[in-house]
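Residue strings, one per chain:
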Amino acid sequence: MANQGNKTARVLITKKRSGAEQSRKNAASNSTQAKKSVSVVVKKPLVLVVGAGIAGLTAVRAWARRGRQVIIFEASPHIGGLASVEKITVAGESFYIERFYHHFFSKDKNLKRLLAELNLSKSLVFRKVKNRFSRTLVHPLDFLLFAGLTALPFWKLVKSLALRDVYRFFPRQLTHPSGFRLMMYKKFGEAYKDVSLSWLWARIHARFSLKDIIFGETLGVIEPSFKVVLDALVKRLSSLGVKILLKTPVSSVDKLIESHFPERIIITTPLHVAKSMFREFKWQTPEYRGAFNVVLFTQRPISEYYWDQSIGGGKENSYLVIVNQSLLNRSLPVHVAYIGGYVSSDHWVFRSSDKQVVDRVVSELGIEDDFIGYRVFKTRFAQHIPTVSYLSNMPPRNFVYRGVPVDLLSFGNLVPWDRGVNYSIILS
Ligand SMILES: Cc1cc2nc3c(=O)[nH]c(=O)nc-3n(C[C@H](O)[C@H](O)[C@H](O)COP(=O)(O)OP(=O)(O)OC[C@H]3O[C@@H](n4cnc5c(N)ncnc54)[C@H](O)[C@@H]3O)c2cc1C
């Protein structure tokens, strides 16, 4: 085995020398520092990863297993990105919660594969829960569209069509959305009219299995929290020698190339962040929606529904949903409800303190003030908006920059699939 490993390493060194030749030439500033770095690369090819979310943490496994030296740069003080967790102590109990609620679907095959690899299959528990949605299919075109997209085998056929095209002769339906159009409005804001139908196609095709349709949908959750997955990944990566550097934002790919001479660079950040790292970037980047979650800890559930979307049905109310996570995750020691929504990046929540956000949300929703604790989580880059125009010139998943192969594994350029833990794992 050891011999085989060495052999692989020699082959890789050869590849590295030719593949990154251009970047080496550019970067060969003749400084002593540069010469030192070259000798490191020649010993063991180096893969650099930007972002320690699920995409970054899973994409590196294959490279580390193949004997590469791997370094992950993470801007924040913790790993996990949008699926990160925080320790909570409330009513004398300590436990971990996800900063943003997570549930999974029976068709999330990549998540299941990853859990099996980490010996964590039993941590994914599926349960039937009661959900309450705002009015659903309310216009005849909704039915036609759903039936058509469900029957359609190829998403590319609807890639250049948006809701705006479908409802061309019914403009009021878009100005005052209801049913699934209202859900899309709450997720994407006014831009929902321009979202490619391939996104809707993928939502339908990725979510529902035949079993769900016949027996009713079950939702999955990782118990006791997503922390078990993050811990197991970190353990696996450290056994493979992967280094994770927290609080280490990357601002320039050129600098990475010049200082490290990597064999490959993997970038998993939002796409406009990725774009800012390159001197030349000829593709479009999408607009992003932010999100906030007010997490309330209570002694009893604040509603009998896991997913309660009947609140704030009016178009002006941006609150998407109440997610009673403890109705799905039964291992939580107190009741945990997430209240939140997708908002523009200049929304008032980003200018307010946590206390102001909680006070306003609780009073607007008329929730009784009997919670025993709260947390507020916000992100400006929760969801890209996959409009038809963005899809026409979006960044590719792989390209070569200054002689170095770059994998741009952001959820924003994974079409037609959406953001989601399962899809980020595909990226590995
Ligand atoms: C409100 C909400 C609810 C969700 N619910 C679900 C759900 O129910 N089920 C589900 O499957 N998914 C859900 N998701 C989505 C899921 O969390 C994400 O799709 C997934 O975690 C994305 O992982 P990622 O690694 O692709 O990206 P990210 O998690 O965004 O990771 C990118 C990482 O890059 C880092 N970074 C950014 N800039 C730099 C820089 N310059 N240098 C270094 N590092 C940088 C970031 O700090 C971050 O850690 C939800 C997300 C939100 C916001």
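Above this text is the structure in question.
A brief report on the enclosed structure follows. Here the structure is a predicted model, which is why all the values come from computation and not from measurement. (Residues numbered from 1 in each chain as written. Predicted model: local features only at pLDDT ≥ 70, side-chain atom pairs only at ≥ 80, totals over all residues. Heavy atoms only, no water.)

1. Side note on the overall build of the protein chain
Here is step 1 of the chain: The helix and strand tally for the protein chain stands at 18 helices and 16 strands.
Here is step 2 of the chain: Relative to its 428 residues, the protein chain shows a buried fraction of 54%.
Here is step 3 of the chain: Taking contacts inside the protein chain between residues at least 6 apart in sequence as the whole, the part at least 24 apart equals 75%. (Helix = DSSP H or I, 4+ residues; strand = E, 2+ residues; numbered from the N terminus. Buried < 20%, exposed > 50% of the residue type's maximum accessible area, 1.4 Å probe, protein only. Contact = heavy atoms within 4.5 Å.)

2. Topic: the site of the ligand
Here is step 1 of the chain: Surveying the vicinity of the ligand reveals 29 residues, the closest of which are Glu-74, Leu-82, His-102, Gly-420 and Ser-424.
Here is step 2 of the chain: The contact in question runs from an oxygen atom of the ligand to an N or O atom on the backbone of Ile-54, over 3.0 Å.
Here is step 3 of the chain: Protein chains bury 91% of the 1,000 Å² of accessible surface belonging to the ligand in isolation.
Here is step 4 of the chain: Secondary-structure elements contributing two or more residues to the shell around the ligand are helix H4 (54-65) and helix H18 (421-426).
Here is step 5 of the chain: When its residues are assigned to classes, the shell around the ligand shows 18 nonpolar, 9 polar and 2 charged. (Near = heavy atom within 4 Å. Polar contact = N/O pair within 3.5 Å; in protein donor to acceptor, adjacent residues only side chain to side chain. Areas by Shrake-Rupley, 256 points an atom, 1.4 Å probe, with all protein chains shown as cover. Nonpolar A, V, L, I, M, F, W, Y, C, P; charged D, E, K, R; others polar.)

3. Observations regarding helix H10 (residues 197-207)
Residues spaced three or four apart along an α-helix point in a common direction, a consequence of the helix completing one turn every 3.6 residues.
Here is step 1 of the chain: Among the 11 residues of H10, 9 are classified as buried, and the element is accordingly described as predominantly covered.
Here is step 2 of the chain: Of the residues making up H10, those classed as buried are Leu-197, Ser-198, Trp-199, Leu-200, Trp-201, Ala-202, Ile-204, Ala-206 and Arg-207.

4. Let's talk about a positive patch on the surface
Here is step 1 of the chain: A contiguous patch of positive charge on the surface is contributed by Lys-107, Lys-109, Lys-112, Arg-113, Lys-128 and Lys-211.
Here is step 2 of the chain: Counting residues per element, the positive patch draws most heavily on helix H5 (residues 109-117), at 3 residues.
Here is step 3 of the chain: Tracing the chain through its elements places Lys-211 in helix H11 (residues 210-215).
Here is step 4 of the chain: When its relative accessible area of 60% is taken as the criterion, Lys-211 is described as exposed. (Patch = residues over 30% accessible without salt bridge, like charges linked within 9 Å, V, L, I, M, F, W, Y side chains within 5 Å. Salt bridge = Lys/Arg side-chain N within 4 Å of Asp/Glu carboxyl O. Lys, Arg positive; Asp, Glu negative; His and termini not counted. Charge placed at Lys NZ, Arg CZ, Asp CG, Glu CD.)

5. Remarks on a nonpolar patch on the surface
Here is step 1 of the chain: A surface patch of nonpolar side chains, about 580 Å² in accessible area, is lined by Phe-208, Leu-210, Ile-213, Ile-214 and Phe-215.
Here is step 2 of the chain: On the secondary structure map, Phe-215 appears in helix H11.
Here is step 3 of the chain: For Phe-215, a relative accessible area of 57% translates into the label exposed.

6. With respect to the nonpolar core
Here is step 1 of the chain: Counting residues in hydrophobic clusters, the biggest one holds 50 residues, and the most contacted among them are Leu-163, Met-184, Ile-267 and Phe-278.
Here is step 2 of the chain: Top contributing element to this core by residue count: H10, with 6 residues.
Here is step 3 of the chain: Among residues more than four places away in sequence, those in contact with Met-184 are Leu-163, Gly-189, Tyr-192, Val-195, Trp-199 and Leu-200.
Here is step 4 of the chain: Of all hydrophobic cores here, the second largest spans 33 residues; its members include Leu-115, Leu-120, Ala-232 and Leu-409. (Core = buried A, V, L, I, M, F, W, Y, C linked by side-chain atoms within 4.5 Å.)

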